[in-house]
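# Examining the three-dimensional arrangement
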Amino acid sequence: MANAKNGSVGEAIEYSFSEAPSRARRILRPHDTIIGVVRPANRSFAYVNEDNLTGSTGFAVVRANNQNCRAFAYFSLTNDDCIQEFTRIADGAAYPAIKPEDVAKTYCVYSNNKILDAFESIAGNIMSGVARNQTQTKTLTKLRDTLLPKLIAGEITINKDI
């Protein structure tokens, strides 16, 4: 993964293992939450929606043990208060960073599994919809980038009667 910012995964660049940057060694799975450990104030976090992604070792990877905790873990660890706390405890002046253990030690309060199930049902469906929209946006962007130069060059035309 090339980047993650404020809840979105940016462009993913495809590499063979031998060509990948040395830090790209974290195998990610759908429903993982990734949180950048360097400069937490930059809000480098995302919910993973795709298969076959590898993330930098500069991310803490949170994988819920139970399916009913996926969305709850993401929203709990990426809310403004939590990110501010990560920023506060970051060590280093020029290169402030937290440790993955700092993310792992974060406490989240919840009521019971019935409420977690209900939250996951609603929030999980919304997050799945966001993932579908992101996939569709990437597809449409590629299509636009392929067709627009041909349209401008007059290589293709649009039927105005449609």
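One can find the structure itself at the top, above this paragraph.
Description of the structure in this document.

Here is what the cut-offs are and how they apply
- Residues numbered from 1 in each chain as written.
- Predicted model: local features only at pLDDT ≥ 70, side-chain atom pairs only at ≥ 80, totals over all residues.
- Heavy atoms only, no water.
- Helix = DSSP H or I, 4+ residues; strand = E, 2+ residues; numbered from the N terminus.
- Buried < 20%, exposed > 50% of the residue type's maximum accessible area, 1.4 Å probe, protein only.
- Patch = residues over 30% accessible without salt bridge, like charges linked within 9 Å, V, L, I, M, F, W, Y side chains within 5 Å.
- Areas by Shrake-Rupley, 256 points an atom, 1.4 Å probe, with all protein chains shown as cover.
- Salt bridge = Lys/Arg side-chain N within 4 Å of Asp/Glu carboxyl O.
- Contact = heavy atoms within 4.5 Å.

### Looking at the environment of Asp 51
- Its location among the elements puts Asp 51 in the loop between β5 (45-47) and β6 (53-56).
- Taking relative accessible area as the criterion, Asp 51 reaches 54% and is therefore assigned exposed.
- Considering only alpha carbons, one finds Asp 51 and Val 109, 58 residues apart in sequence, at a separation of 30 Å.

### Some thoughts on a nonpolar patch on the surface
- On the surface, Leu 140, Leu 143, Leu 147, Leu 148, Leu 151, Ile 152, Ile 156 and Ile 158 cluster together into a nonpolar patch covering about 720 Å² of accessible area.
- Among the secondary structure elements, Leu 151 is positioned in helix α4 (residues 113-152).

### Here's the deal with the pattern of salt bridges
- Tallied over the full model, the rule gives eight salt bridges.
- Two residues, Arg 63 and Asp 32, come together in a salt bridge whose shortest N-O distance is 2.7 Å. Here Arg 63 is found in the loop between β7 (59-62) and α1 (70-78), whereas its partner Asp 32 is found in the loop between β3 (24-28) and β4 (33-36), with 31 residues between them in sequence.
- In this structure, the salt-bridge partner of Lys 150 is Glu 155, at a minimum N-O distance of 3.8 Å.
- For Glu 155, a relative accessible area of 56% translates into the label exposed.

### A few points about α1
- Within α1, seven of the nine residues are buried, which leaves the element mostly enclosed by the surrounding structure.
- Within the sequence span of α1, burial applies to Ala 71, Phe 72, Ala 73, Tyr 74, Ser 76, Leu 77 and Thr 78.
- Where α1 is buried, its residues contact β4, β5, β7, α2 (80-89), α3 (100-104) and α4.

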